[in-house]
Every structure is written in structure tokens, then in C-alpha cells.
Amino acid sequence: MPDVKPVLMQGNEACAEGAITAGVRFYAGYPITPSTEIAEYMAEKLPRLGGVFIQMEDEIASMAAVIGASIGGKRALTATSGPGFSLKQENLGYAIMAEIPCVVVNVQRMGPSTGVPTAPSQGDVMQARWGTHGDHPIIVFSPASVYETFYLTIAAVNLSQKLRQPVVLLLDEVVGHMREKVLIPEMGKLMVEKISDQVPPDWKPYDDKGLTPLVPFGSGHFYHVTGLYHDEFGFPTGEPAVVSRVLDRLHNKLEQYRHEITFTNYIGHKEPRVGIVTYGCTVRSARAAVKKAYWQNRWPVGLLSLQTIWPFPDKEVEALARQADIILVPEMNRGQLVGEVERSVRGQAEVVPLNRYDGEMITPDQIMEQLRRWLP
Amino acid sequence: MAPIEQLNLDFLRTKKLPHIWCPGCGNGIVTAALVRAIVRAGYDQRDVVIVSGIGCSSRAAGYLNFNTLHTTHGRALAFATGLKMARPQLKIFVIMGDGDCSAIGGNHFIHAARRNIDLNAVIINNYIYGMTGGQHSPLTPLGKKATTAPLGTLERPFELLELARGAGATFGARGIAAQPRQLEQLIARGAAHKGFSVIEALSPCPVAYGRRNKQGGAVEMLKAMKENAVSVERASNMDAQALAGKIITGVIFTREDPEFCELYYQLIEQESKKNSN
């Protein structure tokens, strides 16, 4: 038996299959274009695997049910698109505060509001970072292909469990709906150990000393879970020293494990004059442009693709800026992540945005046209 | 039954007391009735979960020594639905206030009822948003005053148990803080019932509701509550005129219907048998 088998899959299916591979056995959702295939796939598969699929009354309830199931010990995921992602924000913040693992998939469509439900857009980049209120941390992944969607979903589930931190998967509509080859490993090969199986004797639900497993309700450890600021046992407090410690704890987790959270990839010239920084489906066009510009024409061009967009890979971007004179940032919006790029570059290179927001993808030609501004 | 002092030590987080509720509040009476009902039902402490929303009443979860989940405003039933489906052996009590359950949480309330999922909803109805200082809720009686209805509310209230029945709940009961023993029995009966149980517990809020509506202090409010209470048995022999302004207490409706969580897990089992054959 081979360890992996190649399968032709749709991006949304790969997301669902990745979740199942990573041990997700609970899905709650509400129908919304262009994410619905994820729900349909889960509805088909989960009951046959002893898992739970439930279509809730609305997006808010879906997010709540996912958190409830996670507290009950099931790996849980929900999927939606822009309008639904807006509705999920309050309970997403709850999961961050109460440190309940869960994965939220947002297959982005063109907004604001109802927008163009079937058109691709990268308009929710800042919403994914700051959508819920308060000074919170968040992990956000942005896959460029069906293959990446499969593996980043697995990474999202595992990291979410390990760090007890919600992870958002920002899919582009075109990634969600395209079909590509994926290499699927044998069931169970990639799943991490369930950390909640090993409860230390002096377990506290919110231990300041570092990562602590979530012990499911019903296991005989009585504790309190709340969205209020809380002490190590989960009980509400407004004590200033405790309040700041809790918020630091939430952020420190992500800083401490940055090396496990941050996924980026660089291709192209070793000492590029122009560096492209992008994410999601725009990576595909940028890759095609780099192939032409660097592999064919030997122009000094490189591409830094970001699979992790939050926390922002500032060190990686800065390293590129030390080499390049120009950093080109193509995005399917009016310029969102480009601000972060500018912050990270700290004046060491000129940052040039390339934006498209008509419901169509940025093409390789558009990127080539930009590159020609600085290169022969 | 063990003496009540003993029960308090087992099932209350006494270190978390005193509670945050105002003097004269009925929430403590309802919470104690809930604790006694859980004892009466004979559940293992490990299997019991208290889920609550946001508001005065929802703070009860923090004082109860079980696994307790204090959620977001109105969403307690949606969290509880996920938890129940993930771990069906849990006995879940969902404490909500009138605004929490019937305004912001109204959608989740009717859909939990429609599914007939085995959750026990205990709605502490004090006719007002207490924690925010006395705004009218969908259960505030017509004409009563609130900070957001200084001239009296023009909005008709929900008849909560009729709403629950219409949406598909299979057990509905009403008790009052002035009759805690009966309330305890009603919660215990709701817990024993398989399906979505709704227990409306009327509770005085002398600070944010009673004072503004000239209903006196806690004692007067409890007295009036008791005087207006009519058992469902006695009410069945009274005409509409005699029942006007009365509070009907007891089990208002109950019926047997398939329970959602059990149905789901039966389906899963059938599927796994099919696959293994």
C-alpha cells in the first residue's frame, strides 16, 4: 500500500477532507455561497465516521455550537463567507478569550455587504485580523492551491488544539472552487496526539506557566469558562494585574510559537531587485510571472508567498526588503496587507501596491507589466 | 434527602460568595431550587453542565460547582446544542434571563424547541434587563415602566411557554420564586423529561423593576406573586375573567416526541452497522 494517493479535488472539498484527516468530528454551519460545498461534504462524511454534522439556525449559532462541541472534546470546524464571517465575530472573540480550539473557514467573496457572492476577492484580510472587538491575537492562513488548502487545514486544526487558539482559514473563492491534484496521506497519518489525554496532576484550565490542555466537560474537572477576564481557574475577575496578565498570555502564546505558526515560501533570484509579496490565489499569478521573468528572462525577481498572513510574517518580509529595491504587493482589494508590508520594510525598499477589485483575478500579465517598469 | 446546608457545600462554589445580586433579588432562590432539583434528579456531579448567557441570572453559573459555561448574550442554547451533540451523556441546564432568552436569543430558543434537543432551559423572568439598569424586555408586561419605556411600554409581551409549545418544545412549566419547593419539583420534572424542557421561573427584581412600577420591596413583590399564583389544576376550573392577571403555575404542557440527539446517534449507529456488514 502506498502512503499517499493522488486525488482530484475541489478546494472546498480539500478543506473538508483535510479537517477530517486532522480529526475534526464536529461541523456546524449555515449555507452560504461560495463555502457551501464544505458543509455538504461534512454532512455526507461525518455521520459515517461517528461525527456530528448540524445545520444551525444562523451563522452566530454555528460558531457557538462549534465552541460548545470543542468544550465537549470534539475537534470542531465551521465554514462561511463574508456576511457570515461578520456574524461569527462575537463568538470568535469568545473562543479567543476562553481559549477554546476551533477553526473558522472564510471562503472570501466580493464585499462589502452582499457584494458579488460568486466573485473572488481578498477583501476580508483586515476583518480576519480585527473583526472581533478587543485587542486580541489571531492566526490566519491563506492557501494558494487545493493542495495547500488540504495541508493548511490540517495545520490549522492541529495548531488550534495545541495553542488553544482559534485559527481562521481565508480561502479565495477561486481556490475554493477550483479542482487540482492533492496527495492524500493514509487516514490518521498526520494527526497530532490529543494533548487533552494527558492531564497533569496540578492542572489548571488557564495556567500562566505555558500551554495547558483543554480538559473536556464531563471529565470530572470542575471549572468555569467565561468571556470575562478570568483567573487561572476561569473565574471572573477585574483585578488590573490579572487582566493585563491574561491579555499578555493570549498574545505570548502566538509569539512563543511563531516558528510553528509562520508559513512562507520564497522562489526566484537570490538577490532580487524586485520582490513580490503576496498570498492566496494571487500567488498563482505571481508564480507564473516569476517563471517568465526569472526562469526565462533571468530578471532579478523573487516571490515571497505568505501562507500565514496573521500574525504577519514581518521578519521574512524585512529580510526580503534588505535585498530588494522594490517590493511589489499584488492584492485583490484596494490595499490591505500592503500596510503591513510597509511597516515591516521600514523604509529599506520602495513598496508598490498592485490592486484589482473588479471581481476578477490579477493576471500574470498585469504583474509582468509592473515588473517592466523597473526591469529591461 | 440530605440537609440543604450540606447540598450547598457540594454544589455551590462557596468561595465565590457573596454573589453579585442586589438585596431582594430572586435569582438566589431560583439557583437554590435548581441545585435541589439536580440532587433530586440523582445525577452524577461530573455529568452535569450549567450553561448560561449574559445578564444577572446568567451569573448563577459561576456559583455552581459543576462544569460551567458562561457564554455570550443570547447564545447559551446554541453553545449548549453543540456541547450536547458532542457529548450526549451530559445533563445540561441552561440558565437564561428574559431578555437573554426571548430577545437576542429568540432565534436559538425557537430552534432548540423545534429540534426537541434534550436541554433544560431555566428562564429566570424578572420582566426587565437588570444588569444594564432596567430596560424593557420582550417579557415586560404591557404598560409597565422601564428606563427605555419611561411612559410605559407599548409592546405586547411574549407568552413564553406558548411560544415554546408552538415552536415544538415538549415540556413547559412555570414556577415562582415565592414558591421555591414547587419550583424545585418543576425543574426536576423538566430534567427527567427527555426532550427540550422549558421552565419559566418568575423572580422579583425590586431594584430595576419593582421600584419604578411602584410594586414595593422584595417582600411585597414576593407576596403579590404568591397571591396571584394559581395552580394549573385550579386554573382549569376558572374562566378567563377570573384568570385575568393571574400567574398559572405548574406543568403547563408535556408531550412525548422523538429527541434530536438520540435520533442522531441512532442514525450514526445504523450507518456504522451498515458499513461493517
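Here, every reference points to the structure presented above.
The shown structure was predicted, so the numbers you read here are calculated from the model rather than taken from an experiment.

**Q** Help me understand the interface of chain A and chain B in this model?
**A** Buried accessible area, meaning the area lost when the parts come together, often serves as the stated size of an interface. The interface of chain A with chain B comprises 37 residues on the first partner and 34 residues on the second. Broken down by secondary-structure element, the contributors of at least two residues to the side of chain A that touches chain B are β2 (24-29), β3 (52-55), α3 (59-71), α4 (82-98) and β9 (224-226) of chain A. For the side of chain A that touches chain B, the element with the most residues is α3 of chain A, which contributes nine residues. Bridge count for β9 of chain A against strand β2 (residues 67-70) of chain B is three bridges, and the pairing is parallel. By the bridge assignment, T226 of chain A is partnered in β2 of chain B with H70 of chain B.

**Q** Explain unusual backbone geometry here, please?
**A** Among all residues save glycine, negative phi is the norm, and among peptide bonds the norm is trans. Following G111 of chain A, the chain continues to P112 of chain A via a peptide bond in cis, the omega torsion being 0°. Mapped onto the fold, P112 of chain A is located in the loop between β5 (103-108) and α5 (125-130). With omega at -5°, the peptide bond leading from W310 of chain A into P311 of chain A counts as cis. In this fold, P311 of chain A is placed in the loop between β13 (308-310) and α11 (314-323). The backbone of R346 of chain A shows a phi angle near 50°, a positive value even though the residue is not glycine. For R346 of chain A, the location among the structural elements is in the loop between α12 (338-345) and β15 (350-355). A positive phi is found at N116 of chain B, a non-glycine position, where the angle reads about 55°. Mapped onto the secondary structure, N116 of chain B falls in the loop between α6 (106-115) and β4 (120-125).

**Q** Sorry, what's going on with helix α10 (residues 218-228) of chain B here?
**A** Because each turn of an α-helix spans 3.6 residues, side chains separated by three or four positions end up pointing in the same direction. Residue and element names in this part refer to chain B. Those residues of α10 that fall on the buried side of the exposure criterion are M221, L222 and M225. The buried residues of α10 all sit within an arc of 95° when viewed along its axis, so they share a single face. Every exposed residue of α10 that faces more than 90 degrees away from the buried side is listed here: V219 and E227. For α10, the secondary structure elements touched by its buried residues are β7 (171-176), β8 (197-202), α9 (206-210), β9 (229-231) and β10 (247-254).

**Q** Help me out: how do you make sense of the sheet that holds β9 of chain B in this one?
**A** Strand pairing within a sheet occurs via backbone hydrogen bonds; the two strands may be parallel or antiparallel. As summarised here, the arrangement of the nine strands in space is β9(A)-β2(B)-β1(B)-β3(B)-β4(B)-β8(B)-β7(B)-β10(B)-β9(B), forming an open sheet in which the pairing is mixed. With one partner strand each, in any of the chains shown, β9 of chain A together with β9 of chain B form the two edges of the open sheet. Averaged over all adjacent pairs, the angle separating strand axes in this sheet is 20°, with direction ignored.

Cut-offs used in this document
- Residues numbered from 1 in each chain as written.
- Chains lettered and ligands numbered in written order.
- Predicted model: local features only at pLDDT ≥ 70, side-chain atom pairs only at ≥ 80, totals over all residues.
- Contact = placed C-beta atoms within 7 Å.
- Helix = DSSP H or I, 4+ residues; strand = E, 2+ residues; numbered from the N terminus.
- Pairing = 2+ DSSP bridges.
- Buried ≥ 20, exposed ≤ 12 C-beta atoms within 10 Å, placed from the backbone.
- Arc of directions from axis to C-beta.
- Axes fitted to C-alpha atoms, helices over the stretch in contact; angles between N-to-C directions.

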